[in-house]
Amino acid sequence: MLFRSVHYPLVVQVPQSSSPNFQIVDQLPAGMSYLNDGTTKIGFVSASGSALTSSDAAINGLAGLNFTGVSPAVTPTALLPAADIGGGTGGGGAFLDGDHPVFSFSTLTNNDNNDANPEFVVLDFNALVDNVASNTTGHPDVNNFFDRINGARVGPFSNNITVTIVQPAITTVKTVAPNPAQIGDAVTYTITYTNAGNSDAFESHFTDTLNGSLTVTSISVAQSAGVTGVTNSSNVATNTVDVVAGDIPIGGNVTVTVGATVNAATVGQPIPNTANAVWTSLPGTGTPNGSPGNSTGSTTPGASGAGNGERNGTTAPLAVNNYASNGSANLNIINPAPVKSLVTTSEGSTAGNNVAIGEIARYHLAVQIPHATSPNYQVIDQLDRKSVV
């Protein structure tokens, strides 16, 4: 649940009396912010359909305000006027992370004299799961509300509602084979990007620029079931991998296979390579209101990477927008392969590798040289200290 809007329904059973300056205060936690976007809706529920009234004419005159019945299981449609919403601590009363919204009803009167019939105020509002450092995988955002009359809390706090943060997490694993290699060898790089998180990864972008010591011959892409929106814009001529995946579900993966030929190599100097991945928490900048999957009435307000937007892996501060990973694979160069043998000795009285003191031994040294540059090449023989050249 990162970083999207959450829809909260609040229900208050109203006593059969007058409640001056009646308010509902929701204690949104740090990590969430109230969406003051004209989507807060209210309803009055009573057996007669008219027992609850507000001294605020703007509320009392709302179309669709009243419901007839004794159950709070209704869907309110009347929009609470903006003038009756407060609690924002930002400039102009804007709501910031962790601000507690206050919903005011002026004097609320319950005119029902039948104690057997309960009356309710029902209120629905939306809150945003903010793109802030405290929202990490598994973090609980706990929320409740209470009522106020004339500025003082009355009655108990409501039950807690907890939303738990889930996040995508793409791992990048890169390998190369055969390894080591030399000039002229064909090698294959395999890059596997896997969503090891607990929510879908969106707009994943996989990039890699292979070293100029390689001539790339092919770049192909495969994906597991459920991965959608894959586009391969890689360029063999420029040694660049450029792949996008629109949606990678939990456990899904994308595999990029790069074929290349080694065109230059130096012994002792591996050819380095690193593949990179970035991704986001939401499709686009958030599912628009009314689209499949979003019936809250709100759309994520901020741009990608903003505090009130989705999380990504490219927008500063990267300590928060940390949806990025990489994987490296160094291609080692084949080393020279030395072989030493005893050719002959000066004395016929000894056999094989057995030698007498003062006898002369003749050695043969052979080195297989790889197809690569070997700078300052030398052959050094490590004769035993008891031998004299």
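These notes cover the structure that comes with them. Here the residue numbering is sequential within each chain, running from 1 through the sequence in written order. In keeping with the predicted nature of the model, local features appear solely for residues at pLDDT of at least 70, side-chain atom pairs appear and are counted solely at 80 or more, and the whole-chain, interface and lining totals rest on all residues. Processing note: side-chain calculations cover all non-hydrogen atoms of the structure and skip hydrogens and water entirely.

**Some remarks on the overall build of the protein**
Part 1 of the reasoning: To qualify as a helix, a DSSP run of H or I must reach at least 4 residues; to qualify as a strand, a run of E must reach at least 2; elements of each kind are numbered from the N terminus. Check the secondary structure of the protein and you find one helix and 27 strands.
Part 2 of the reasoning: Relative to its length of 389 residues, the protein is extended, with a C-alpha radius of gyration of 36 Å against a globular reference of 21 Å.
Part 3 of the reasoning: With the C-alpha coordinates aligned to their principal axes, the bounding extent of the protein is approximately 130 × 45 × 40 Å.
Part 4 of the reasoning: Each of the 389 residues in the protein was classed as buried or not, and the buried ones make up 39%.
Part 5 of the reasoning: Throughout, a residue-residue contact means that at least one pair of heavy atoms, one from each residue, lies within 4.5 Å. For the protein, long-range pairs separated by at least 24 residues make up 72% of all intrachain contacts whose partners lie at least 6 apart in sequence.
Part 6 of the reasoning: Note on areas: Shrake-Rupley, 1.4 Å probe, and residue coverage restricted to the protein chains presented here. For the protein, the computed accessible surface area is about 18,700 Å², with 53% contributed by carbon and sulfur atoms.
Part 7 of the reasoning: This count recognises Lys and Arg as positive and Asp and Glu as negative, with His and chain-terminal groups excluded. Charge positions are represented by NZ for Lys, CZ for Arg, CG for Asp and CD for Glu. Separation of charge centres in the protein, based on 10 positive and 24 negative side chains, amounts to 19 Å. With C-alpha atoms as the basis for the radius of gyration, the globule rule is written as 2.2 Å multiplied by the number of residues raised to the power 0.38. Between buried and exposed lies partly exposed: a residue is buried under 20% and exposed over 50% of the maximum accessible area for its type, with that area taken using a 1.4 Å probe on protein chains only.

**Considering the packing of aromatic side chains**
Part 1 of the reasoning: Ring geometry is summarised as follows: Phe, Tyr and Trp rings, the Trp one being its six-membered ring, pair when their centres sit within 6.5 Å, and such pairs are stacked at plane angles under 30 degrees, edge-to-face over 60 and tilted between the two. Enumeration according to the criterion identifies nine aromatic pairs in this entry.
Part 2 of the reasoning: On the basis of an interplanar angle of 55° and a centroid distance of 5.7 Å, the ring pair of Y34 and F125 is categorised as tilted. Linking Y34 in strand β4 (residues 32-34) with F125 in strand β12 (residues 120-129), this pair joins segments that are 91 residues apart in sequence. Across the pair, F125 and Y34 agree in class, each one buried.
Part 3 of the reasoning: Summarising the aromatic geometry, the rings of Y193 and F206 are spaced 3.8 Å apart at their centres and angled 10° between planes, so their arrangement reads as stacked. Of this pair, Y193 sits in strand β18 (residues 186-195) while F206 sits in strand β19 (residues 201-209); the two residues are 13 residues apart in sequence, bridging distant segments of the chain.
Part 4 of the reasoning: Residue Y193 is classed as buried on the basis of its relative accessible area, which comes to 0%.
Part 5 of the reasoning: Judged by its relative accessible area of 0%, F206 falls in the buried class.
Part 6 of the reasoning: Sitting over a ring, as applied to charges here, requires NZ of Lys or CZ of Arg to be within 6 Å of the ring centre and within 35 degrees of the ring normal. Against the face of Y363 rests K340, its NZ or CZ located 4.3 Å from the ring centre.

**Structural notes on the sheet that holds strand β17 (residues 170-177)**
Part 1 of the reasoning: In space, the four strands of this open sheet follow the order β17-β18-β23-β20, with antiparallel pairing throughout. This sheet does not close on itself; its edge strands, each paired only once, are β17 and β20 (214-223). On average, each strand axis in the sheet is inclined to that of its neighbour by 15°, with strand direction left out of account.
Part 2 of the reasoning: In this description, strands pair whenever DSSP reports at least two bridges between them. In this structure, β17 lies alongside β18, joined through eight bridges in antiparallel fashion. Bridge pairing links K174 to I191 in β18. For helices, the fitted axis covers only the stretch in contact; all axes are lines through C-alpha atoms, and the angles between them, taken along N-to-C directions, range from 0 to 180 degrees.

**Remarks on the pattern of salt bridges**
Part 1 of the reasoning: Salt-bridge detection follows one rule: a side-chain nitrogen of Lys or Arg within 4 Å of a carboxyl oxygen of Asp or Glu. According to the stated counting rule, one finds two salt bridges in the structure shown.
Part 2 of the reasoning: For D208, the salt bridge goes to K174, with nearest N and O atoms at 2.3 Å. Taken together, the positions of D208 in strand β19 and K174 in strand β17 put the pair 34 residues apart, joining distant regions of the chain.
Part 3 of the reasoning: The class of D208 is buried, set by a relative accessible area of 3%.
Part 4 of the reasoning: Linking D381 and K340 is a salt bridge whose minimum nitrogen-to-oxygen distance equals 2.7 Å. Pair noted here: D381 is in the segment after β27 (361-368) and K340 is in strand β26 (residues 337-345), with a separation of 41 residues, a long-range link.

**Considerations on the nonpolar core**
Nonpolar side chains in soluble globular proteins tend to end up buried together.
Part 1 of the reasoning: Here the nonpolar core consists of buried residues drawn from Ala, Val, Leu, Ile, Met, Phe, Trp, Tyr and Cys, with membership extended through side-chain atoms lying within 4.5 Å. If you look at the biggest cluster of nonpolar residues, it comprises 34 residues, and the most contacted ones within it are V187, F206, L214 and L331.
Part 2 of the reasoning: Mapped onto this core, the elements with two or more residues apiece are β17, β18, β19, β20, β22 (240-248), β23 (253-262) and β24 (274-280).
Part 3 of the reasoning: For this core, the element with the highest residue contribution is β23, accounting for five residues.
Part 4 of the reasoning: Those residues within four positions of L331 in sequence are excluded, and the remaining contacts are V176, P178, N179, A181, V187, Y189, L214, V262, P270 and I271.
Part 5 of the reasoning: Counting residues in each nonpolar core, the second largest holds 30 residues, with V14, F105, L108 and L123 among its members.

**Some thoughts on unusual backbone geometry**
Part 1 of the reasoning: Note the cis peptide between A177 and P178, where omega equals -10°.
Part 2 of the reasoning: Structurally, the position occupied by P178 is in the loop between β17 and β18.
Part 3 of the reasoning: Of note, the bond from N179 into P180 is cis; its omega dihedral lies within 30 degrees of zero at 15°.
Part 4 of the reasoning: With respect to the helices and strands, P180 occurs in the loop between β17 and β18.
Part 5 of the reasoning: The phi torsion at N21 lies on the positive side, around 50°, for a residue other than glycine.
Part 6 of the reasoning: Inspection of the secondary structure assignment puts N21 in the loop between β2 (18-19) and β3 (22-26).

**Considerations on the sheet that holds β24**
In a beta sheet, neighbouring strands pair by backbone hydrogen bonds and run either parallel or antiparallel.
Part 1 of the reasoning: Taken in spatial order, the five strands make up an open sheet running β21-β22-β19-β24-β25, and their pairing is antiparallel. The open sheet has two free edges, formed respectively by β21 (231-232) and β25 (324-328), since each of these has just one partner strand.
Part 2 of the reasoning: Sheet topology places β24 next to β25; five bridges connect them, and they run antiparallel. Within β25, the position partnered with T274 by the bridge is S328.

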